4 protein chains.
Amino acid sequence: MTSRQVLRSEETKKSILAAASELFSNRGYDAVTMRDIARLAGCSHTTIYIYFKDKEDLLHQLSMPPVQYLIGKIEEIMIQSLLPDDKLKKMSLMIIEFCLTNRSLYGVFINTKSERVDEKNPKLEINLARNQLFEKLTLIIQECLENRLRDEQLLMYTRIYFFTLYGIIATYAPSEETVKQLMDRLTPTFEASFDVMLSGLRKRADEAS
Amino acid sequence: MTSRQVLRSEETKKSILAAASELFSNRGYDAVTMRDIARLAGCSHTTIYIYFKDKEDLLHQLSMPPVQYLIGKIEEIMIQSLLPDDKLKKMSLMIIEFCLTNRSLYGVFINTKSERVDEKNPKLEINLARNQLFEKLTLIIQECLENRLRDEQLLMYTRIYFFTLYGIIATYAPSEETVKQLMDRLTPTFEASFDVMLSGLRKRADEAS
Amino acid sequence: MTSRQVLRSEETKKSILAAASELFSNRGYDAVTMRDIARLAGCSHTTIYIYFKDKEDLLHQLSMPPVQYLIGKIEEIMIQSLLPDDKLKKMSLMIIEFCLTNRSLYGVFINTKSERVDEKNPKLEINLARNQLFEKLTLIIQECLENRLRDEQLLMYTRIYFFTLYGIIATYAPSEETVKQLMDRLTPTFEASFDVMLSGLRKRADEAS
Amino acid sequence: MTSRQVLRSEETKKSILAAASELFSNRGYDAVTMRDIARLAGCSHTTIYIYFKDKEDLLHQLSMPPVQYLIGKIEEIMIQSLLPDDKLKKMSLMIIEFCLTNRSLYGVFINTKSERVDEKNPKLEINLARNQLFEKLTLIIQECLENRLRDEQLLMYTRIYFFTLYGIIATYAPSEETVKQLMDRLTPTFEASFDVMLSGLRKRADEAS
DNA sequence: TATGAATGAGAGTTCATTCAT
DNA sequence: GATGAATGAACTCTCATTCAT
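A quick note: this is a predicted structure, and the numbers were derived from the prediction, not measured.

About the cut-offs
- Residues numbered from 1 in each chain as written.
- Chains lettered and ligands numbered in written order.
- Predicted model: local features only at pLDDT ≥ 70, side-chain atom pairs only at ≥ 80, totals over all residues.
- Heavy atoms only, no water.
- Helix = DSSP H or I, 4+ residues; strand = E, 2+ residues; numbered from the N terminus.
- Buried < 20%, exposed > 50% of the residue type's maximum accessible area, 1.4 Å probe, protein only.
- Contact = heavy atoms within 4.5 Å.
- Areas by Shrake-Rupley, 256 points an atom, 1.4 Å probe, with all protein chains shown as cover.
- Least-squares fit on C-alpha atoms with pLDDT ≥ 70 in both.
- Near = heavy atom within 4 Å.
- Polar contact = N/O pair within 3.5 Å; in protein donor to acceptor, adjacent residues only side chain to side chain.
- Nonpolar A, V, L, I, M, F, W, Y, C, P; charged D, E, K, R; others polar.
- Salt bridge = Lys/Arg side-chain N within 4 Å of Asp/Glu carboxyl O.
- Buried area = accessible area lost by both parts, 1.4 Å probe.
- Phe/Tyr/Trp six-rings, centres within 6.5 Å; stacked < 30°, edge-to-face > 60°.
- Lys NZ or Arg CZ within 6 Å of the ring centre and 35° of its normal.
- Axes fitted to C-alpha atoms, helices over the stretch in contact; angles between N-to-C directions.
- Parallel < 35°, antiparallel > 145°, perpendicular 65-115°, else oblique.
- Left-handed = near helix turned anticlockwise from the far one by under 90°.
- Expected span 1.5 Å × (residues − 1).

A. A look at the overall build of chain A. From N to C terminus, chain A includes nine helices and zero strands. In sequence order, chain A lays out its α and β elements as α-α-α-α-α-α-α-α-α. Expressed as a percentage of its 209 residues, the buried residues of chain A come to 49%. Expressed as a percentage of contacts within chain A between residues at least 6 apart in sequence, the contacts between residues at least 24 apart total 64%. Only carbon and sulfur atoms are counted for the fraction: they give 53% of the accessible area of chain A, which is about 10,400 Å².

B. Summary view of the relation of the copies chain C and chain D. For the match of chain C to chain D, the screw axis carries a shift of 0.3 Å, the RMSD comes to 1.5 Å, and the turn is 177 degrees. In the structure described here, the two chain copies are related by an operation that fits a two-fold rotation axis. Among all residues of chain C, the one whose C-alpha sits closest to the rotation axis is Gly167 of chain C, at a distance of 1.2 Å. Of the interface residues in chain C, 100% have counterparts in chain D that sit at the interface too, so the contact is made through matching surfaces.

C. Structural context of the protein's contact with DNA strand E. Inspection of the region around DNA strand E gives 40 residues, with Thr47 and Tyr51 of chain A together with Thr46, Thr47 and Tyr51 of chain D positioned closest. The sugar-phosphate portion of DNA strand E accounts for 55% of its atoms within 4 Å of the protein, the bases making up the rest. Measuring from a phosphate oxygen of DNA strand E, one finds a side-chain N or O atom of Thr12 of chain D at 2.6 Å. In this structure, a base oxygen belonging to DNA strand E sits 3.1 Å away from a side-chain N or O atom of Thr46 of chain D. Looking at the surface near DNA strand E residue by residue, the classes come out as 13 nonpolar, 18 polar and nine charged.

D. Representation of the pattern of salt bridges. All told, the structure shown has 48 salt bridges over all chains when counted by the stated rule. Across the salt bridge formed by Asp85 of chain B and Arg202 of chain B, the nearest N and O atoms sit 2.7 Å from each other. Taken as a pair, Asp85 of chain B in helix 5 (residues 84-101) and Arg202 of chain B in helix 9 (residues 179-208) lie far apart in primary sequence, 117 residues in all. Between Glu177 of chain B and Arg185 of chain B there is a salt bridge, with its nearest N and O atoms 2.6 Å apart. Members of the salt-bridge network, linked through shared partners, are Arg27, Asp36 and Arg39 of chain A.

E. Looking closely at the protein's contact with DNA strand F. The full set close to DNA strand F counts 40 residues, and Thr46 and Thr47 of chain B, Thr47 and Tyr51 of chain C together with Thr33 of chain D are the nearest of them. At the protein interface, 55% of the atoms of DNA strand F within 4 Å belong to sugar or phosphate. Within the side chain of Tyr49 of chain D, an N or O atom sits 3.1 Å from a phosphate oxygen of DNA strand F. If you list the elements that add at least two residues to the surface near DNA strand F, you get helix 2 (34-41) and helix 3 (45-51) of chain A, helix 1 (3-27) and helix 3 (45-51) of chain B, helix 3 (45-51) of chain C together with helix 2 (34-41) and helix 3 (45-51) of chain D. Class assignment of the residues belonging to the surface near DNA strand F gives a composition of 13 nonpolar, 18 polar and nine charged.

F. Structural view of the interface of chain B and chain A. The interface is formed by 33 residues belonging to chain B together with 33 residues belonging to chain A. Between chain B and chain A, a total of about 3,100 Å² is buried, with carbon and sulfur atoms accounting for 64% of that surface. A per-residue breakdown of the area chain B buries against chain A is headed by Phe163, Thr171 and Val196 of chain B, which together make up 20% of the total. Joining chain B to chain A, the criterion identifies two salt bridges. Here Arg204 of chain A ties to Asp195 of chain B by a salt bridge, and the two come within 3.5 Å at their closest N and O atoms. The tally of links from chain B across to chain A stands at one residue pair in polar contact (both at pLDDT 80 or more). Residue assignment for the side of chain B that touches chain A shows that the elements contributing at least two residues are helix 8 (151-172) and helix 9 of chain B. Taken together, the residues that form the side of chain B that touches chain A break down as 16 nonpolar, eight polar and nine charged.

G. View of the interface of chain C and chain D. Residue-level contacts link 33 residues of chain C with 33 residues of chain D. Our count for the chain C to chain D interface comes out at two residue pairs in polar contact (both at pLDDT 80 or more). Where the side of chain C that touches chain D is concerned, the elements lending two or more residues are helix 8 (151-172) and helix 9 (179-208) of chain C. Grouping the amino acids of the side of chain C that touches chain D by side-chain chemistry returns 16 nonpolar, eight polar and nine charged.

H. The packing of aromatic side chains, seen in detail. All names here are of chain A. In total, this model carries 28 aromatic pairs over all chains according to the counting rule given. Linked through ring pairs, Phe134, Phe162 and Tyr166 together constitute an aromatic cluster. The positively charged end of Lys55 is found above the aromatic ring belonging to Tyr29, 4.7 Å away from the centroid.

I. Fine view of the packing of helix 5 (residues 84-101) of chain D against helix 9 (residues 179-208) of chain D. Residues and elements named next belong to chain D. Viewed as axis vectors pointing N to C, helix 5 and helix 9 meet at an angle of 140 degrees, and their least axial separation amounts to 10 Å. One finds that helix 5 runs oblique with respect to helix 9. Of the two possible hands of crossing, helix 5 and helix 9 adopt the one that is right-handed. For the pair helix 5 and helix 9, the contacting residues are Asp85, Leu88, Lys89, Ser92, Leu93, Ile96, Glu97, Leu100 and Thr101 in the first and Val179, Leu182, Met183, Thr187, Phe190, Glu191, Phe194, Asp195, Leu198 and Arg202 in the second. Split into classes, the residues belonging to the contact of helix 5 with helix 9 amount to 10 nonpolar, three polar and six charged.

J. Representation of helix 5 of chain B within the structure. Look at helix 5 of chain B: 25 Å from first C-alpha to last across 18 residues, which is about the 26 Å you get at 1.5 Å a residue. Taken together, the buried positions of helix 5 of chain B are Lys87, Leu88, Lys89, Met91, Ser92, Leu93, Ile95, Ile96, Phe98, Cys99 and Leu100 of chain B.

K. Representation of the environment of Ala20 of chain A within the structure. All names here are of chain A. Here Ala20 lies in helix 1 (residues 3-27). Residues Ala20 and Leu62, spaced 42 residues apart in sequence, show a C-alpha to C-alpha distance of 7.9 Å. When neighbours within four sequence positions are excluded, Ala20 is seen to be in contact with Ile37, Leu58 and Leu62.

L. Examining the packing of helix 9 of chain C against helix 9 of chain D more closely. For the pair helix 9 of chain C and helix 9 of chain D, interaxial distance at closest approach is 7 Å and the crossing angle is 110 degrees. When the axes of helix 9 of chain C and helix 9 of chain D are compared, the pair comes out roughly perpendicular. Seen from helix 9 of chain C, the contacting residues are Ala192, Asp195, Val196, Met197, Ser199, Gly200, Leu201, Lys203 and Arg204 of chain C; seen from helix 9 of chain D, they are Ala192, Asp195, Val196, Met197, Ser199, Gly200, Leu201, Lys203 and Arg204 of chain D. Considering only residue class, the contact of helix 9 of chain C with helix 9 of chain D consists of eight nonpolar, four polar and six charged.

Here it is in structure tokens:
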């Protein structure tokens, strides 16, 4: 195989992934057909089967890279010199935007039959990523609350914060508005949510100590 | 029509509803076929069409009664002589328990393509019910915050509270634990969540006024 | 069986026939369901099977009486003291109106796989009736042309006249207008058609003799 | 795509069209199922959907080409140097032969729920074709009657002529004889019909002027 | 590598008909 | 005699997937 061929082959695979990503996001996994993907990718639907075992495999291969990207971004925020509260807000908005951007995938990302959001020992790679994210969230929340929390408290608080975050995502994921529309319209509401959470958590932490 | 026939007819309908409920819960509406339901209900798939116009009608008939029941229960709480905070907590726990009990339907209940959770003018009866619930929530939150809120503030605060509630539900709905197990294990966490939310909302309301 | 029961039984059968007749006429045999018929007849769909072997049997039992009625009417006209031309016109209009009234049945009436419209030796009773009609038509046409025609000529002329008649019926049978609307609107056209045909036939008969 | 593939594809499509044509002709559109067609065509029923959007599309693709062919032939006749009467006869015979050749489709061609045979503003392409034919008929009839007719007269006369033509077609379409047999046996009758019509129309036109 | 052709399984739904009462 | 309950066969159409080139 010449390097030209390799190149072309890789391009085809990329275009399939791009097409699938867009379609899954906009219409949901079930509503998208292999032919839809092929049409948008500019190839035959049979070509998809050269690169991917089946439709599900396509979904799986599709879900990892964006998550990795998100984690990278989150790590960048972690080392920025910002107030903890601002870090948490920035990170939260980023997670929301990410999940709404990858709407159909957010389900895969957040929800793959994991009994508890804090569960270690994940079965799928995707759970690994989710847990990484949960850890980062824990870290920042600890920072925000000035590291006064015991482990079990911290876990609970992170869970509580996570509920709200997940609630936001789950509320707007089925919407048919674009991510931009949603974020433009709702960012103030989201930020208010974070404020409320942080205030509440602080109050409780103060009372507990 | 003899009473025996009536009885048999009612039993068939019930068994169809039971089968549909179970299957929708476990696999989701789309993934379940009419033939699946019939098989589990122990009848021919055509029999379903005697009792239900189509698949969607089955879903609707399935989802309305429990929701009506919930609303009744909530209304009972509303008129009890309790502290506003306790009413809100009781009501919240009840909604969570209800949604986890009717797992597959909670999606229908909360999520039927409604652009906004606060939207008026609903197209389906199910939306009506959801909006009723949202209104009750609004009322109690206003009470909790001593009626100091302007409308737009109140709306935002209710939404924020709703996010957390929905987040809890969405987090544990996919779990395979029984409702009882989940409630026993997590009620303290849920109550902590409500506390945190209320504290946070109060703080913000104080600052705003 | 008491006479009261017999009476009631006959009424049920009649109401089924009436309902079927109306529905077949308006919507066509295939588009009508047994339940449609039962609903209009005011009985259960299973009751139909007491009186009729199946749907087709219903159609057959349905098609004979109106045809008999038509033939009776035609015979009345035959013995009236009218000019032959007027008889022919009256009879023609009557046939058209009849066929449009019994739209779905006219097909059965005129068209049951009969190779030739003049064929003797019919397989079905319905063909018998049609042939009777054809004979009457032949008689009047002979009258109109002053009995000058030889048999083979007469046959051809009747056929030709029949084509026009049948063409009219076949043209307007699929229409969704009511019979009354059609007859009101088109009677002049129909009468002109008869005139044209008669003139033409006379001219040709004159030349031949 | 290799030429072998193209060839095979075309053959499949042809075999589907052939099968559909035969079945529609013999049993009528509604009574034929996609699986019937597939069985006769020697392919899977899903294959049909590769070449045709749905059942109706199949019917349409089936009916258009022959109609176009007929119109072409008619136009050829229009410009030949023949006596008007001979043109009309030739054209009429051609239409009859065409309709009998495409028996099942003649219904589609002539009868697609068109309120009036002279209606302008057609919804389907097939109606367009039929109207074209009606216009040509009108033109020649005007010629035959030496252009003496007013529009409304001409319209009525064309309709009358059309009735006869349609009556002939409708009479012999259900026959199981071959087209050749029918034409051989009946052409004299058909020609006599045209003569009668023309004589009659002329007589009436004379009297009216 | 890539693709058009082709398919089997299966979806929701309808309907004439039979069964049990 | 009459009916509600129930069903099997069949309908059109879709889709993920495989085959042959």
